[in-house]
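Given next are the chains, with one letter for each unit.
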Amino acid sequence: MGKYSIGEFEEVILLTVAVLYENAYGISIKEDIEKRLDRKVSVGAMRTALSRLEKKGFLKSEFGEATAIRGGKRKRFFRVTPHGKKALDKVMEDRKKLWGAIPSMAFDFKIT
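Residues numbered from 1 in each chain as written. Predicted model: local features only at pLDDT ≥ 70, side-chain atom pairs only at ≥ 80, totals over all residues. Heavy atoms only, no water.

> Is there a simple way to think about the overall build of the chain in this case?
Helices and strands together make up the secondary structure of the chain, namely 4 helices and 2 strands. Helices and strands in the chain line up, N terminus first, as α-α-α-β-β-α. Against the compact-globule benchmark of 13 Å for 112 residues, the chain has a radius of gyration of 17 Å, which places it well outside the compact range. With the C-alpha coordinates of the chain rotated into their principal frame, the extents come out at 60 × 35 × 20 Å. Burial statistics for the chain: of 112 residues in total, 29% are counted as buried. Of the contacts formed within the chain by residues at least 6 apart in sequence, a portion of 54% connects residues at least 24 apart. (Helix = DSSP H or I, 4+ residues; strand = E, 2+ residues; numbered from the N terminus. Rg over C-alpha atoms; globule rule 2.2 N^0.38 Å. Buried < 20%, exposed > 50% of the residue type's maximum accessible area, 1.4 Å probe, protein only. Contact = heavy atoms within 4.5 Å.)

The following block contains the structure:
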């Protein structure tokens, strides 16, 4: 495992944080993944992945202002770090290499 190694779910979380940019907080990340990828996300799994990504240095977080709508609670906003961007670049390059190495006959399906 390299220093940019991430799992598939971590990749999805990291990409979604980048997509949401300044509006990336727990519920917005969860809802965006569910909407874009038609994939259910448990809050617990997402929080674990966010924590793991932050420990790896791929994300950083900071609290926003408390709001009355949230009963005085503050949202924790996430941002992709330069290290996280490099991890995403590595994943994309690895996938491109794999796709580029597939011989054309590998997907030549014949109906019998």
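> Before we go on, may I ask you to explain the side chain of Ser-28 in this structure?
Along the chain, Ser-28 falls in helix α2 (residues 26-37). In terms of polar contacts, Ser-28 uses its side chain to reach the backbone carbonyl oxygen of Asn-23, at 2.7 Å. Non-local contacts of Ser-28, meaning those with residues more than four positions away in its chain, are made with Leu-20 and Asn-23. (Polar contact = N/O pair within 3.5 Å; in protein donor to acceptor, adjacent residues only side chain to side chain.)

> Mind showing me how you'd approach the packing of aromatic side chains here?
For any pair of aromatic rings, the description consists of the separation of the ring centres together with the inter-plane angle of the planes. All chains considered together, the criterion is met by 3 aromatic pairs. Between Trp-99 and Phe-107, the aromatic rings sit 6.2 Å apart at their centres with planes inclined by 45 degrees, giving tilted as the arrangement. On the accessibility criterion, Phe-107 (47% relative accessible area) is partly exposed. Relative to Phe-109, the ring of Phe-107 lies with its centre 6.1 Å away and its plane at 40 degrees, an arrangement referred to as tilted. Grouped by ring-pair contacts, the aromatic residues Trp-99, Phe-107 and Phe-109 constitute a single cluster. Between the NZ or CZ atom of Arg-79 and the centre of the ring of Tyr-21, over which it lies, the distance is 4.5 Å. (Phe/Tyr/Trp six-rings, centres within 6.5 Å; stacked < 30°, edge-to-face > 60°. Lys NZ or Arg CZ within 6 Å of the ring centre and 35° of its normal.)

> I would appreciate a short explanation of the packing of α2 against helix α3 (residues 43-55) in the present structure.
Packed helices, taken two at a time, are described by their axes: the angle between them and the distance between them. At a minimum axis separation of 11 Å, α2 and α3 run at an interaxial angle of 115 degrees. Between α2 and α3, the angle falls in the class roughly perpendicular. The handedness of the crossing between α2 and α3 comes out as right-handed. Here Gly-26, Ile-29 and Lys-30 of α2 lie close against α3, whose contacting residues are Val-43, Met-46 and Leu-50. Of the residues contributing to the contact of α2 with α3, the split by class is 4 nonpolar, 1 polar and 1 charged. (Axes fitted to C-alpha atoms, helices over the stretch in contact; angles between N-to-C directions. Parallel < 35°, antiparallel > 145°, perpendicular 65-115°, else oblique. Left-handed = near helix turned anticlockwise from the far one by under 90°. Nonpolar A, V, L, I, M, F, W, Y, C, P; charged D, E, K, R; others polar.)

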